[in-house]
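What the coordinates show
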Amino acid sequence: MRVVTTAQSPVDLDVQPTPLALLLLGREADPKSERGVECPGDLPSPSDPDLVERARAAKEKLGDKVFVLGHHYQRDEVIQFADVTGDSFKLAKDAAARPEAEYIVFCGVHFMAESADILTSDDQKVVLPDLAAGCSMADMATAEQVAECWDVLAEAGIAEQVVPVSYMNSSADIKAFTGKHGGTICTSSNAKRALEWAFEQGEKILFLPDQHLGRNTAVRDMGLTLEDCVLYNPHKPNGGLTPEQLRDAKMILWRGHCSVHGRFSLESVADVRARIPGVNVLVHPECKHEVVAAADHVGSTEHIIQTLEAAPAGSKWAIGTELNLVRRLANRFAAEDKEIVFLDKTVCFCSTMNRIDLPHLVWALESLADGKLVNQIEVDRETEQFAKLALERMLALP
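Remember, predicted model here, so these are calculated numbers, not experimental data. (Residues numbered from 1 in each chain as written. Predicted model: local features only at pLDDT ≥ 70, side-chain atom pairs only at ≥ 80, totals over all residues. Heavy atoms only, no water.)

For the protein chain, the helix and strand inventory stands at 16 helices and 15 strands. Looking at the protein chain as a whole, 56% of its 398 residues qualify as buried. Long-range contacts, defined as pairs at least 24 residues apart, comprise 67% of the intrachain contacts of the protein chain with a sequence gap of at least 6. (Helix = DSSP H or I, 4+ residues; strand = E, 2+ residues; numbered from the N terminus. Buried < 20%, exposed > 50% of the residue type's maximum accessible area, 1.4 Å probe, protein only. Contact = heavy atoms within 4.5 Å.)

Counting 108 residues, the largest nonpolar core has Val105, Phe207, Met251, Val283, Leu308, Ile340 and Leu365 as its most contacted members. With 8 residues, the single largest contributor to this core is helix H15 (residues 358–369). Excluding anything up to four places from it in sequence, Phe207 contacts Val165, Cys186, Leu195, Leu213, Gly214, Met251, Ile252, Leu253 and Trp254. Formed by 21 residues, the second largest nonpolar core is a distinct cluster that contains Ile158, Tyr232, Leu241 and Ala249. (Core = buried A, V, L, I, M, F, W, Y, C linked by side-chain atoms within 4.5 Å.)

According to the stated counting rule, one finds 18 salt bridges in the structure shown. Arg54 is the salt-bridge partner of Glu366, the closest N and O atoms lying 2.8 Å from each other. Pair noted here: Glu366 is in helix H15 and Arg54 is in helix H2 (residues 51–62), with a separation of 312 residues, a long-range link. Judged by its relative accessible area of 22%, Glu366 is partly exposed. The exposure class of Arg54 is partly exposed, given its relative accessible area of 27%. Arg273 serves as the salt-bridge partner of Asp296, at 3.1 Å between the closest nitrogen and oxygen. Of the two residues, Asp296 sits in the loop between helix H12 (289–294) and strand E13 (297–298) while Arg273 sits in helix H11 (residues 266–275), which places them 23 residues apart along the sequence. With a relative accessible area of 37%, Asp296 lands in the partly exposed category. Bridged by salt links that share partners, the residues Asp48, Arg54 and Glu366 form one connected network. (Salt bridge = Lys/Arg side-chain N within 4 Å of Asp/Glu carboxyl O.)

Okay, the sheet that holds strand E15 (residues 339–342) next. Taken together, the 4 strands give an open sheet; going across it, the order is E13-E12-E14-E15, and neighbouring strands pair in parallel fashion. Two strands lie at the open edges of the sheet, namely E13 and E15, each paired on one side alone. Here 4 bridges tie strand E14 (residues 316–320) to E15, and the two strands are oriented parallel to one another. The residue bridging Lys316 from the neighbouring strand is Glu339, located in E15. Contacts between helix H14 (residues 323–333) and the sheet are confined to E14 and E15, with E15 contributing the most and set at about 165 degrees to the helix. (Pairing = 2+ DSSP bridges. Axes fitted to C-alpha atoms, helices over the stretch in contact; angles between N-to-C directions.)

Before going further, it helps to examine the packing of aromatic side chains. Taken as a whole and assessed by the stated rule, the structure comprises 3 aromatic pairs. With a centroid separation of 5.3 Å and 25 degrees between ring planes, the pair formed by Tyr232 and Trp254 is classed as stacked. Here Tyr232 is found in strand E10 (residues 229–232), whereas its partner Trp254 is found in strand E11 (residues 251–254), with 22 residues between them in sequence. Relative accessible area serves as the criterion here: at 2%, Tyr232 is assigned to the buried category. Centroid distance Phe264 to Phe342: 5.4 Å. Interplanar angle 65 degrees. Geometry classified as edge-to-face. Here Phe264, found in the loop between E11 and H11, pairs with Phe342, found in strand E15; they are 78 residues apart in sequence, far enough to count as distant. Judged by its relative accessible area of 10%, Phe342 is buried. The residue whose ring lies beneath Lys180 is Phe386, and the NZ or CZ to ring-centre distance is 4.9 Å. (Phe/Tyr/Trp six-rings, centres within 6.5 Å; stacked < 30°, edge-to-face > 60°. Lys NZ or Arg CZ within 6 Å of the ring centre and 35° of its normal.)

This part covers the side chain of Lys338. Mapped onto the secondary structure, Lys338 falls in the loop between H14 and E15. Of the residues examined, Lys338 reaches a relative accessible area of 5% and is grouped as buried. Polar contacts involving the side chain of Lys338 include one to the main-chain carbonyl oxygen of Ala311, which spans 3.0 Å. Sequence-distant contacts of Lys338, defined by excluding residues within four places in its chain, comprise Leu308, Glu309, Ala311, Pro312, Ala313, Gly314, Ser315 and Phe333. (Polar contact = N/O pair within 3.5 Å; in protein donor to acceptor, adjacent residues only side chain to side chain.)

Reading fine detail from the predicted coordinates is not recommended where pLDDT is low. The predicted model of the protein chain averages 89 in pLDDT, with 89% of residues at 70 or higher. Within the model, pLDDT remains below 50 along residues 1–35, and this stretch shows 45 contacts once partners closer than five positions in the same chain are excluded. (pLDDT = per-residue confidence, 0-100.)

Take helix H13 (residues 301–310) next. Buried within H13 we find Thr301, Ile304, Ile305, Thr307 and Leu308. For H13, the angular spread of buried residues about the axis comes to 160 degrees, placing them on one side. Against strand E12 (280–283), E14, H14 and E15 lie the buried residues of H13. (Arc of directions from axis to C-beta.)

Right, let's get into H2. Here H2 spans 17 Å end to end across 12 residues, near enough to the 16 Å set by a 1.5 Å rise per residue. If you check which residues of H2 are buried, you get Leu51, Ala55, Ala58, Lys59 and Leu62. Take H2 and look down its axis: the buried residues cluster within an arc of 95 degrees, on one side only. Away from the buried face of H2 by more than 90 degrees, exposed residues Glu60 and Lys61 are located. The secondary structure elements touched by the buried residues of H2 are strand E3 (66–71), strand E5 (103–107) and H15. Just downstream of H2, Gly63 is the residue with a positive phi angle, here 60 degrees. (Expected span 1.5 Å × (residues − 1).)

Let us look at the packing of helix H4 (residues 88–96) against helix H5 (residues 110–119). In the contact formed by H4 and H5, the axes pass within 8 Å of each other and the chain directions differ by 35 degrees. In the packing of H4 onto H5, the handedness of the crossing is right-handed. Seen from H4, the contacting residues are Ser88, Phe89, Ala92, Lys93 and Ala96; seen from H5, they are Phe111, Met112, Ser115, Ala116 and Leu119. Tallied by class, the residues present in the contact of H4 with H5 amount to 7 nonpolar, 2 polar and 1 charged. (Left-handed = near helix turned anticlockwise from the far one by under 90°. Nonpolar A, V, L, I, M, F, W, Y, C, P; charged D, E, K, R; others polar.)

This is the structure:
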């Protein structure tokens, strides 16, 4: 019998738990992953009826010293305290545009806070209310895996022809790799422009870490074929690909995906069309290719919001994106007689995004109001230098 000691108590186990099992249980940390697993400090009770007032009081005490960013996928209880809402890149830019704010409280996930730290000044401190708010997609590409992939491309004799393009939903390390190797960052709204730019620089693209956004943009928006795309699996030798496959490909897609958008299926689309005659299916490009092909409209989070704003009264919509946003939009447009439903019958929140709840936000704001800096997100100088280079290339896109 093996005795494993955790932070809570010794536990007798008949078998030795794997490192992954311990990570999932929150009892270990992976320093090579962007995900955090601990949040120091004593949180207010989630049943505390005074939480809203405490948040307001702490925010008022901080005044212009704090700027709260809220991602679209956040809970309503958190969004109500955001100074601005938006997608990850919009929020990072908004933070950079507020140099007078000493503290940037990012109600989102880890990679978003990293991007804010990269784009803000050295005098500003970026705070993530819960360090366990990571991103499973971003975690699917580590710096070591991507470096090994580049070696595979070099051995195949094509590295000099390849331009990396990394989705905003990636760690600072991956953004830095992209900048160092002449690539750029993209968002779901400018992915086509980023790929067009990359193909002007080289013959092939390594797209990280979301295979679906890369495939959908290349095939749906740029006229490439599915045969032009290959899938690199970092858990297989040489990515599971032959040198010939790599040489023939135009798009080398990383085997990564969003756990929320990846759940939508053709069955989801068929079911909602059967249940709601005349429904418009609107999905995010992180969805699978067959779902995107079956949808009526496809676009980024901001595009989804704008499409519903412009939709006529009485129209019906099934939305394939995170549930917090879909529910908020359904409530917002109910008065205009717009029927808005979640594409899948099974409710699905982004579990890591939902780690930012009101107790964590209150704890962070009250700590800052008391002069105690907590959960600061800092990107080291070298990583920041090259990641910023990749971001600046994106900003320079026509």
